Each structure stands twice: as structure tokens, then as C-alpha cells.
Amino acid sequence: MAVTVADPEPGTPHQPPRTRRFPRAWLLRLAAALVSGFAYYLSFAPRPLWWLAPLAFAGFALVLRGRSFRGAFGYGFAFGFVFFLPLLTWLLDFLGPDFGPWPWLGLSFALALYYGLAGGLITLVARLPLAPLWGALVFIALETPRAWFPFGGFPWGRVAFSQPEGAFLPLASIGGAPLVGLAVVGTGFALAALAARLWESRKLTRPAVLAALGTVLPVLAGLALWPAIGTDAQDGERTIATIQGNAPDIGLALQGERVLLRRNTIAESQRLRDAVRAGRVPKPDLVLWPESATTVTGPDPQVDQLVANFGVPALIGALYELPDGHIQNSVIAWDPRTGPGQRYAKQQLVPFGEYVPARKVAELVTPFLDSETVDMLPGDGTNQTLAVAGTKVGVFVCYEAAFDYPARDAVRDGAEVLVVPTNNAWYGESEMSVQQLAMSRLRAVEHGRAVVVSAVSGVSAIVAPDGTVTSSTGLFTADSLVGRVPLRTQTTLSDRLGAWTEYGLLALAIAGVAGGLVLRFRTRRASAGTAAGEAAD
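These numbers come from a predicted model, not from an experiment.

**Regarding the overall build of the protein**
If you tally the helices and strands in the protein, you get 16 helices and 13 strands. Along the first, second and third principal axes, the C-alpha atoms of the protein reach 115 × 55 × 40 Å. Within the protein, the fraction of its 537 residues that count as buried is 53%. Here the contacts in the protein between residues at least 6 apart in sequence split such that 70% fall between residues at least 24 apart. Split by element, the accessible area of the protein, about 24100 Å² in all, is 62% carbon and sulfur. Distance between charge centres in the protein, computed from 43 positive and 41 negative side chains, equals 10 Å.

If you want it as C-alpha cells, here you go:
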């Protein structure tokens with residue numbers, strides 16, 4: 001038989017020449033991770049698309065399916081980065097063009113690393129029974145260290161904050177933000193498992209049934225809890241007025257406009273007082289000023305007179321100068337007869353806004369630090385519940401809405417209503433103010449309390465104990481709200497469990513990862529033993 005050069009050797013099967021394949025599979029997975037991450041962003045305020053969050057996590061889970069730790073880390077990072085970039089664009093409004101995009105990009109990058117780690121760790125629990133639940137536990141567990149690091153923690157963008165309304169919100173009364181987040185992610189992961197099982201087997205197998213239950217049970221649990229969310233008054237009601245004086249939209253430069261903030265707040269307070277005297281609005285029992293609306297360095301006859309003219313107590317958001325010259329971001333209970341009294345000082349300060357971490361390093365990269373730039377002093381939690389207007393008013397300030405402990409501590413101390421003085425004027429016409437309002441709506445359900453938000457430039461709002469916004473203001477306008485809110489004394493299960501819910505979920509996630517590692521080790525050892533046996537045969 002003649003053999004040509006082009007023919008294969010006699011007796012060998014014909015093999016087509018090797019061609020380099022374009023890596024389409026990983027590109028498709030990357031695209032799916034990016035689309036899922038952006039869909040997750042779209043579930044946040046001001047869009048009422050809470051149901052997009054579980055769908056986004058379903059897409060994320062399908063991307064992670066069958067991936068290695070390293071691959072899942074990369075897809076998790078991509079999911080997180082495309083989520084945080086649009087969510088945190090308000091940092092650009094705050095810092096202005098002098099800083100450029102680097103702080104915004106750097107923070108988004110750092111936070112996306114948590115999502116990358118979550119993606120990698122989820123692969124370790126993927127072979128455990130009830131894998132969607134273990135995966136959700138891992139993802140939510142990594143929100144805990146994100147509240148600690150970097151720079152004292154930055155929990156903005158927690159899963160629960162995408163749920164100020166909808167089926168999952170009532171779960172906040174049982175387990176707070178951690179349980180709401182677990183329900184959202186778990187529903188998405190179970191939906192992905194259901195889709196994958198049905199695709200692979202084309203029939204409703206036992207794993208598919210379990211996945212279907214995991215998809216519907218969190219939703220049904222949330223819906224079943226809605227009737228149990230209490231909104232009735234248990235210790236009477238109070239009429240609370242919140243003042244929004246307005247501010248110029250100038251970002252970081254607002255630091256130099258303290259006199260203007262005070263003047264605007266006083267002017268709007270006087271307009272409200274005139275409206276009350278004219279009978280156009282009801283007389284309030286309590287007047288609430290926004291965060292840092294004035295500076296208090298000693299006696300203040302003008303505020304004394306204003307509060308006396310209302311004839312009711314006020315809570316004054318102020319930068320308070322201590323005897324040693326340090327400044328505390330404070331809320332002062334101001335009596336119409338006796339003047340300033342109890343004072344709460346903000347505990348969770350904003351890094352680079354109210355204090356500068358790693359100051360020596362920061363001085364190398366920013367032109368705004370000098371010897372006159374002084375860090376504020378954090379409070380110690382004293383007087384977080386203020387006895388004013390015949391009730392106990394719990395206070396947490398602005399950035400503290402993102403953390404679980406301030407509102408919880410206030411309610412445990414007997415707060416019957418919660419107030420949130422805030423100054424979001426730094427952040428322009430961005431989504432920051434409505435993102436923060438969504439947190440206050442979650443806190444209302446979590447603690448079963450009405451929440452009154454008083455903002456320098458908006459959005460100010462009165463929130464019912466079921467998270468409903470009963471009235472609100474627009475951005476960058478001088479306005480005021482007067483509303484009647486119920487006083488409630490009953491504590492939710494979430495308050496009684498406290499941080500145990502969060503740390504319990506964290507412990508379960510750690511146990512799941514450990515179990516996944518043990519299972520992976522045993523599988524590899526068994527595979528190695530089988531291979532060795534076959535080689536011996």
C-alpha cells in the first residue's frame with residue numbers, strides 16, 4: 001500500500017489538525033457576572049426594583065457553578081466591581097474634580113475584593129447538602145468584616161439595603177439586616193440550583209424539589225410576617241417637625257459654609273413657626289434640626305430665642321466644641337426654658353470626612369490636609385436615648401444608619417421613636433440620599449419604631465414602623481415636615497437577639513467552609529487511592 005506524506009501512519013486513527021479555540025466560555029461567564037452585578041445595583045433605591053436582587057444572585061450563582069476557587073474569585077470580583085462603581089458615584093460629587101476618580105475607583109476595588117473572596121469560598125461549599133443555603137451564608141458572612149475594615153468599616157451596599165419594601169422586608173423584625181440579606185441571596189442561589197437541576201435532568205428530581213422550596217420559602221416567610229409588623233401607638237403619639245434649611249450643591253467645599261447652613265436652618269425654622277402661629281400646620285411637640293446645622297462653642301442666645309418661640313423642645317444637630325478644643329458631631333436636647341441639656345455625640349465617624357485615618361499617608365496624596373485640619377472626636381454612646389418632649393427619643397446620626405448597633409442600642413435603652421439627623425448636601429444630586437433613606441426604612445421595621453429623618457438638603461422623611469414613607473421632601477430645597485408618629489415600646493425579636501443573629505450566621509458560614517474543605521480533602525484522597533489501585537492492577 002502506498003503511503004503519501006499527507007496520510008497518517010498506517011494503523012493510526014485520523015486526527016484533525018489542532019486549531020486554537022477562542023475562549024468564548026469564560027467571556028460569556030464574565031459577561032453574565034457583569035450583567036448580574038449591574039442588575040444587583042439596579043435593585044437599590046431610588047428604583048423600587050427589590051425583586052431584581054434575588055434574580056441578580058441567581059445569575060451570579062450560575063456563573064460560579066463548576067468553577068475553581070481562582071476562577072470564582074475573579075467572577076465574584078467582577079460582579080462586585082460593576083455593582084459598587086455605579087452605587088458609589090456620589091463620591092465623585094463629594095470630592096470634586098481635585099481628587100479625580102481614584103478614591104471612587106480605589107474604594108470600589110477594595111470592596112469588590114470581598115465579593116471575590118465570597119465567590120471563591122462559595123466553591124468550597126458547593127458540594128455540601130443544601131449548597132445554596134451554605135453559599136448564601138458565606139456571602140452574607142463576609143458583610144461582617146466589611147463593617148470593620150477598611151477604615152473602621154464601610155457597610156454601604158449591604159444586601160438588605162436593597163429591600164426597603166417588598167416580600168423580604170418583614171424578616172428584618174426577626175433577624176435584622178443579616179437575615180434579610182440571607183433570604184435574598186438564598187432565594188437567588190436556590191433559583192439558580194433549580195434552573196440547573198431542571199436543565200440537567202429535564203424532570204423534577206429530589207434536589208430540584210429542595211431547590212424549589214429554597215426559592216419560595218423565604219418569600220412566603222416574609223409575606224406571612226407582614227400582618228405581624230406592628231404600627232399602632234403603644235404609648236401615645238407625638239407630632240414631630242423636621243427642618244430642612246437647604247445648602248449649596250458644592251461638595252467638599254461645604255466645609256467653609258457653616259454660617260450659611262446655620263442661617264438657612266434658622267430661616268426655615270422661622271417660616272415653620274409663622275405657619276404654626278397662623279394655624280396652617282399643627283403645633284409640633286418636638287422640633288428636629290439636621291446634622292451639623294450649627295456650631296455650638298458656648299451660650300447661643302439666637303437658638304435659645306428660636307426654641308423659646310416654638311415653646312416646645314428641640315433636638316439641635318450641631319458641631320459641639322469641647323473644653324479642650326476638640327469637636328464632636330452632636331445632637332443637643334434644647335429646652336424652651338432652660339436651654340441646652342443632654343447631648344449625644346456621633347460614634348461612627350465618616351473616614352476622610354470627619355476624621356482622617358492614616359493621616360501621614362493621606363497628607364502625601366491630598367492637598368486638603370494641613371495643620372489646621374482637626375479630626376472630630378467620636379462619642380461613647382452616652383445619651384443615645386434622650387428624654388425629651390415627654391418621651392424617649394433614640395438618636396443615630398447619618399452614616400450610623402449603615403451600622404446595626406446604634407439604632408439597636410437606642411431601642412434597647414428604651415427609645416420609643418427614632419430620629420436621624422443627617423447632612424447629605426456633600427453628595428450633590430446623586431442617589432446617596434435615597435440610598436440612606438432606604439436604610440432608615442429597614443431600621444424602622446427592624447426595630448418596630450417610627451423613624452424621622454432630618455436632612456440639611458434632603459431627603460427628609462417621616463417613616464412609619466412598617467417602613468412606609470408617609471411624607472418626604474425633595475433634594476436641595478428649603479422645606480419642613482410636620483407629622484404625627486406613634487410611640488412604641490414593644491421590642492422585636494431582632495432587638496432581643498441583637499448581634500447574635502449576625503455572629504450566628506458567621507459561625508455557620510465558617511463551619512460550612514470548614515466542612516467543604518474536609519469534603520474536598522477526602523474526595524481527593526479517595527481519588528488518589530483509586531488511581532493508585534488501578535495503576536497497581
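**A look at the packing of helix α5 (residues 102–124) against helix α6 (residues 131–141)**
Put simply, α5 and α6 touch, their axes get as near as 9 Å, and they point 155° apart. With respect to α6, the element α5 is oriented roughly antiparallel. Our pair here, α5 against α6, has a crossing hand that is right-handed. Where α5 approaches α6, its residues Tyr 115, Ala 118, Leu 121 and Ile 122 are matched on the opposing element by Gly 135, Val 138 and Phe 139. Taken together, the residues of the contact of α5 with α6 sort by class into six nonpolar, one polar and no charged.

**Considerations on the pattern of salt bridges**
When the charged atoms of two side chains with opposite charge come close together, those side chains can pair. Tallying each qualifying case throughout the model produces 15 salt bridges. Asp 300 is the salt-bridge partner of Arg 262, the closest N and O atoms lying 2.8 Å from each other. Of this pair, Arg 262 sits in helix α10 (residues 258–277) while Asp 300 sits in the loop between β3 (294–296) and α11 (301–310), and the two are 38 residues apart along the sequence. Judged on exposure class, the residue Arg 262 and its partner Asp 300 are both buried. Each of Glu 143, Arg 158, Asp 404, Arg 443 and Glu 446 takes part in a single network of salt bridges with overlapping partners.

**Description of the packing of helix α8 (residues 172–201) against helix α9 (residues 206–225)**
Helix-helix packing is characterised by the crossing angle of the two axes and by the distance between the axes. One way to put it is that α8 packs onto α9 with a least axis distance of 8 Å and a crossing angle of 150°. The pairing of α8 with α9 is recorded here as roughly antiparallel in orientation. Note that α8 runs across α9; the crossing there is left-handed. From α8, Ile 174, Ala 183, Gly 186, Thr 187, Ala 190, Leu 191, Ala 193, Leu 194, Arg 197 and Leu 198 reach across to α9, where they touch Pro 207, Ala 208, Ala 211, Ala 212, Gly 214, Thr 215, Pro 218, Val 219 and Leu 225. For the contact of α8 with α9, the class distribution of residues is 14 nonpolar, four polar and one charged.

**Considering the sheet that holds strand β10 (residues 451–455)**
Taken together, six strands build an open sheet; the order of strands is β7-β8-β9-β10-β11-β12 and the sheet is mixed. For this open sheet the edge positions go to β7 (385–388) and β12 (469–472), each flanked by a neighbour on one side alone. The average undirected angle you get between the axes of adjacent strands in this sheet is 20°. Across the sheet, helix α13 (residues 405–412) lies against β7, β8 (391–395) and β9 (417–422), angled at about 145° from β9, the strand it touches most.

**Quick word on the packing of aromatic side chains**
Scanning the model with the defined rule gives 28 aromatic pairs in all. Here a set of aromatic residues connected by ring pairs shows up, and it is made of Tyr 40, Phe 44, Phe 57, Phe 60, Phe 79, Phe 83, Phe 84, Tyr 115, Phe 139 and Phe 189. In this structure, Arg 47 is placed above the aromatic ring of Tyr 41, and the distance from its NZ or CZ to the ring centre is 4.6 Å.

**Some points on the environment of Trp 26**
Structurally, Trp 26 is set in helix α1 (residues 24–42). Residue Trp 26 is classed as partly exposed on the basis of its relative accessible area of 39%. The spacing of Trp 26 and Gly 71 is 45 residues in sequence and 9.1 Å in space, taken between C-alpha atoms.

**Description of the side chain of Thr 422**
With respect to the secondary-structure elements, Thr 422 resides in strand β9. Looking at Thr 422, the relative accessible area reads 0%, which means it is buried. Ignoring anything within four residues of it in the chain, the contact list for Thr 422 reads Pro 290, Glu 291, Cys 398, Gln 436, Val 453, Ser 454, Ala 455 and Val 456.

**A few points about α6**
Every α-helix carries 3.6 residues per turn, so stepping three or four residues along brings you back to the same face. Buried residues dominate α6, accounting for eight of its eleven residues. Taken as a whole, α6 has its buried residues at Ala 131, Gly 135, Ala 136, Leu 137, Val 138, Phe 139, Ile 140 and Ala 141.

**Remarks on unusual backbone geometry**
In the segment running from Phe 149 into Pro 150, the intervening peptide bond is cis, with an omega of 5°. Counting through the fold element by element, Pro 150 comes out in the loop between α7 (143–146) and α8. Look at the link from Gly 458 to Val 459: it is a cis peptide, with omega at 0°. With respect to the helices and strands, the residue Val 459 is situated in the loop between β10 and β11 (461–463). One non-glycine residue, Asn 246, lies in the positive phi region at around 85°. With respect to the helices and strands, Asn 246 occurs in the loop between β1 (237–244) and α10.

**With respect to a nonpolar patch on the surface**
A cluster of nonpolar residues, Leu 130, Leu 133, Leu 198, Leu 204, Val 209, Leu 210, Leu 213, Val 216, Leu 217, Leu 220 and Leu 223, forms a patch on the protein surface that exposes about 950 Å² of accessible area. The element that contributes the greatest number of residues to the nonpolar patch is α9, accounting for seven residues.

**What about the nonpolar core?**
Judged by nonpolar contacts, the single largest core of 98 residues is most densely connected at Tyr 40, Phe 57, Leu 88, Phe 139 and Trp 156. Ignoring sequence-local partners within four residues, the contact set of Leu 88 consists of Trp 104, Leu 107, Ser 108, Leu 111, Phe 154 and Trp 156. Leu 286, Val 417, Val 452 and Leu 487 belong to the second largest nonpolar core, which has 22 residues in total.

**Remarks on the pairing of β1**
Counting buried residues along β1, seven of its eight residues qualify, which places the element largely inside the surrounding structure. Taken together, the eight bridges between β1 and strand β13 (residues 479–486) define a ladder with antiparallel strand orientation. The residue of β13 that forms the bridge with Thr 242 is Leu 481.

Thresholds applied
- Residues numbered from 1 in each chain as written.
- Predicted model: local features only at pLDDT ≥ 70, side-chain atom pairs only at ≥ 80, totals over all residues.
- Heavy atoms only, no water.
- Helix = DSSP H or I, 4+ residues; strand = E, 2+ residues; numbered from the N terminus.
- Buried < 20%, exposed > 50% of the residue type's maximum accessible area, 1.4 Å probe, protein only.
- Contact = heavy atoms within 4.5 Å.
- Areas by Shrake-Rupley, 256 points an atom, 1.4 Å probe, with all protein chains shown as cover.
- Lys, Arg positive; Asp, Glu negative; His and termini not counted.
- Charge placed at Lys NZ, Arg CZ, Asp CG, Glu CD.
- Axes fitted to C-alpha atoms, helices over the stretch in contact; angles between N-to-C directions.
- Parallel < 35°, antiparallel > 145°, perpendicular 65-115°, else oblique.
- Left-handed = near helix turned anticlockwise from the far one by under 90°.
- Nonpolar A, V, L, I, M, F, W, Y, C, P; charged D, E, K, R; others polar.
- Salt bridge = Lys/Arg side-chain N within 4 Å of Asp/Glu carboxyl O.
- Pairing = 2+ DSSP bridges.
- Phe/Tyr/Trp six-rings, centres within 6.5 Å; stacked < 30°, edge-to-face > 60°.
- Lys NZ or Arg CZ within 6 Å of the ring centre and 35° of its normal.
- Patch = residues over 30% accessible without salt bridge, like charges linked within 9 Å, V, L, I, M, F, W, Y side chains within 5 Å.
- Core = buried A, V, L, I, M, F, W, Y, C linked by side-chain atoms within 4.5 Å.

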